Amino acid sequence: MDDVDTSVYYDDENDYFVGFGHRHLPEYDYEYEDAEGETLSELNEYCLTPTFYDTGFYILPLFLAMFIFRLISQMQSISDKLFHGLSMVIGICITQHYAEECLFLLVLFVVFSYITLNLPKKYYKEIAVFLPSLFIIVYSEFYMKPVIWHKVRSIIMTMAMRTISVAADSIESNDIPDFYSYMGYMFCAATSFLGPWVPMKDYLALRRPNQQGKWWLLIVIGFTSCSFLFLSMSNCWIHWMLPDDSWMWLLAYRDALSFRTSHYFISYLASAISFLGGYPFSLISIVKPLEIELPRSLVQVVVYWNMPMHFWLKKYIFRPSLKYLGKFGAVIITYLVSSLLHGFNFQLGAVLLSLGLYTYVEHQLRIMFANIFDACIASKECAQNKCTHLYNPNNCWWVIAINIMFTVLTIFHLAYLGLMFDTSELQETGYSYTHTIKKWSELGFASHWVALATYCIYFLIR
């Protein structure tokens, strides 16, 4: 896998419609009740301390299991088969501890997917790589209790991404992995619970001598500390600073920010676990909060929200579809697959579709303006010291002003879209159609109207 911490593989002009993945919080997400009027001492006593204590106690077994897995992966004296077997066992134990409800289903799914992988080529074509994943998602959506499905959704989604990537790579290379390495990869202890998705070749590379350097423990502590900082923001600080009697758009921004920081918490915690498990630093970057909170464009938000999933969607969905369906068809298929991976959820589908339309219109409009005015105002910033535009932020104030204007517009759209994922009781079962419409109607569907106006400007000028 290319270095996800670089921008090389994001330089495709089609990044505006690829890869907005959502990572659901496990059950240790906390709700902080009305904080209005509370002092810092009370905030610490009733929110910060219990949040840190309960979450730390909850994830402690995960860190202990990961430390054991790290020791095993670095033991050159054991065989590869034994390593894969122990990886599977530790991963299954983690799943049993944190998500027992889906363990049996996951085992059946992995076995079934491996059987499908070994079917004769005349029965196993490109479309077949998706069938096992489609079956498990459909079953989970319609036969699992909503509370359980919402809890295990991200685990099943990541597992489905693994099976599809292995199947697609096997078709391309005509090389099917053996059963031991396949099971070890699918239940890899370092990514079985929180993710992220990593290619199988990088899992196999864990057997190489450790190349993380002597500061690896400090890096793990750093990622863990950042994750807890974002957890405290999501559960305590944001609601304390913006009480319920604030202006409705501030409340929308507050709820959206709370949702985003909860995503940062999970992402940084997953990075800490993956790095502790032995994965190199170049593979554990999942999210870039600063690029999302102060974005140049919605395109930037899509790219940096979940970088491994962005890469996965581009490699395994968009680019193969582009050859057969063209750009528009590939866009539709990419968003369809992304929605299916998250389950048949109206709210998430509505947010993804809205985001896709927003990013497409913004990308086209800004490209057009950049060409007309020969200015560095496109959705993606030119590479440093390689800008060929006549007007750029270094020599023209209005270029800076226009880019700031689009930053403000992006923050406005994020507040509107992120408002859907509030801390109501519906978060435990998934948000409904009526919840989505109600939330957007309270804001007069303002973001959609602004997007429509943006498209009309683009349509009239092009």
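Definitions and cut-offs
- Within any chain, residue numbers begin from 1 and follow the written order of that chain's sequence.
- Where totals are concerned, whole chains, interfaces and linings use all residues; where local detail is concerned, this predicted model gives features only for residues with pLDDT of at least 70, and gives and counts side-chain atom pairs only at 80 or more.
- The side-chain numbers reported here are obtained from all heavy atoms of the structure, hydrogens and water having been left aside.
- Working definition: rings of Phe, Tyr and Trp (its six-membered ring) pair if their centres are within 6.5 Å, and the pair is stacked with planes under 30 degrees apart, edge-to-face with planes over 60 apart, and tilted otherwise.
- Numbering of helices and strands starts at the N terminus; helices are DSSP runs of H or I of at least 4 residues and strands are runs of E of at least 2.
- Burial status follows relative accessibility: with a 1.4 Å probe on protein chains alone, a residue under 20% of its type maximum counts as buried, one over 50% as exposed, and anything between as partly exposed.
- Whether a charge sits over a ring depends on NZ of Lys or CZ of Arg being within 6 Å of the ring centre and within 35 degrees of the ring normal.
- Per-residue confidence from the prediction method is given by pLDDT, with values spanning 0 to 100.
- Residue contacts are counted whenever heavy atoms from the two residues lie within 4.5 Å of one another.
- Within the patch definition used here, like charges are joined within 9 Å and nonpolar side chains (Val, Leu, Ile, Met, Phe, Trp, Tyr) within 5 Å, considering only residues with over 30% relative accessible area and no salt bridge.
- Where accessible areas are quoted, they stem from the Shrake-Rupley method and a 1.4 Å probe; at the residue level, only the protein chains shown are allowed to cover.
- By definition, a salt bridge exists where a carboxyl oxygen of Asp or Glu is found within 4 Å of a side-chain nitrogen of Lys or Arg.
- Residue count minus one, scaled by 1.5 Å, sets the expected span of a helix.
- Counting rule for disulfides: a pair of cysteine sulfur atoms within 2.5 Å.
- Bend, in this description, refers to the angle at a residue between axes fitted to the seven residues ending there and the seven starting there.
- Residues belong to one nonpolar core when they are buried, are Ala, Val, Leu, Ile, Met, Phe, Trp, Tyr or Cys, and are joined through side-chain atoms within 4.5 Å.

> Quick one: what's the story with the packing of aromatic side chains, residue by residue and with numbers?
If you walk through the whole model with that rule in mind, you get 30 aromatic pairs. Relative to Phe 281, the ring of Phe 223 has its centre 6.0 Å away and its plane inclined at 45 degrees; by these criteria the two rings are tilted. Highlighted residues: Phe 223 in helix H8 (residues 216–241) and Phe 281 in the loop between helix H9 (248–276) and helix H10 (289–293), separated in sequence by 58 residues. According to the relative accessible area criterion, Phe 281 is partly exposed, its value standing at 40%. One cation-aromatic arrangement involves Arg 70 over Trp 216; the distance from NZ or CZ to the ring centre is 3.8 Å. For Arg 366, the ring lying beneath its charged end belongs to Phe 406, and the centroid distance is 4.2 Å.

> Describe the confidence of the model for the chain, listing the residues and the values that go with them.
Scored by pLDDT, the chain comes out at a mean of 83, with 87% of its residues at no less than 70. Contacts for the low-pLDDT stretch residues 1–14, under 50 throughout, to residues beyond four places or in other chains number 42 contacts. Counting interchain partners and residues more than four positions distant, the pLDDT-below-50 stretch residues 22–33 has 45 contacts.

> Explain a nonpolar patch on the surface to me, and be specific about the residues and the numbers.
On the surface, a nonpolar cluster with roughly 940 Å² of combined accessible area is contributed by Ile 372, Phe 373, Trp 449, Leu 452, Tyr 455, Ile 457, Phe 459, Leu 460 and Ile 461. Among the elements of the structure, helix H13 (346–373) and helix H16 (446–461) are those that each provide at least two residues to the nonpolar patch. When residues of the nonpolar patch are assigned to their parent elements, the largest contribution, seven residues, is made by H16. Along the polypeptide, Phe 373 turns up in helix H13. Residue classification places Phe 373 among the partly exposed positions, given a relative accessible area of 43%.

> Account for helix H3 (residues 103–117), with residues named and values stated.
Between its terminal C-alpha atoms H3 stretches 21 Å, which fits the 21 Å expected from 15 residues at 1.5 Å a residue. The inward-facing, buried residues of H3 abut helix H2 (80–98), helix H4 (131–143), helix H5 (146–173) and helix H6 (179–186).

> Mind laying out the state of the cysteines, listing which residues take part and the relevant values?
For the structure shown, the criterion picks out one disulfide. Each sulfur of the disulfide joining Cys 47 and Cys 236 lies 1.8 Å from the other. With the S-S dihedral at roughly -85 degrees, the linkage between Cys 47 and Cys 236 falls on the left-handed side. With Cys 47 in helix H1 (residues 40–73) and Cys 236 in helix H8, the pair connects residues that are 189 residues apart, well separated along the chain. The exposure classification of Cys 47 matches that of Cys 236, with both residues buried. Cys 382 forms no disulfide, and the closest cysteine sulfur to it belongs to Cys 387, at a distance of 3.6 Å.

> Before we move on, could you go through unusual backbone geometry and cite the residues and values that matter?
That bond from Gly 195 to Pro 196 is cis: its omega, 5 degrees, falls within 30 degrees of zero. Checked against the element boundaries, Pro 196 lands in the loop between H6 and helix H7 (200–204). Of note in the backbone geometry, Asp 374 takes a positive phi value of approximately 50 degrees without being a glycine. On the secondary structure map, Asp 374 appears in the loop between H13 and helix H14 (397–418). Here Phe 445, not a glycine, exhibits a phi torsion of approximately 50 degrees, which is positive.

> How would you sum up H5? Please name residues and give values.
Taking 1.5 Å per residue as the helical rise, H5 with its 28 residues ought to reach 40 Å, and the 39 Å between its terminal C-alpha atoms agrees with that figure. The sharpest bend along H5 measures roughly 50 degrees and falls at Val 152. The element H5 is extensively covered by neighbouring structure, given that 20 of its 28 residues are classed as buried. Following H5 by one or two positions, Asn 174 has its phi on the positive side, about 60 degrees.

> So what about the nonpolar core? Which residues, and what values?
Soluble globular proteins tend to pack their nonpolar side chains together in the buried interior. In this structure, Met 66, Phe 69, Ile 94, Tyr 279, Trp 312 and Leu 341 are the most contacted members of the largest nonpolar core, which totals 102 residues. Element by element, the count of residues in this core is highest for H9, at 13 residues. Beyond its immediate chain neighbours, meaning those up to four positions away, Trp 312 contacts Met 161, Ile 164, Ser 165, Trp 197, Ile 317, Val 337 and Leu 341. Membership of the second largest hydrophobic core comes to 11 residues, among which are Phe 369, Ala 375, Ala 378 and Phe 406.

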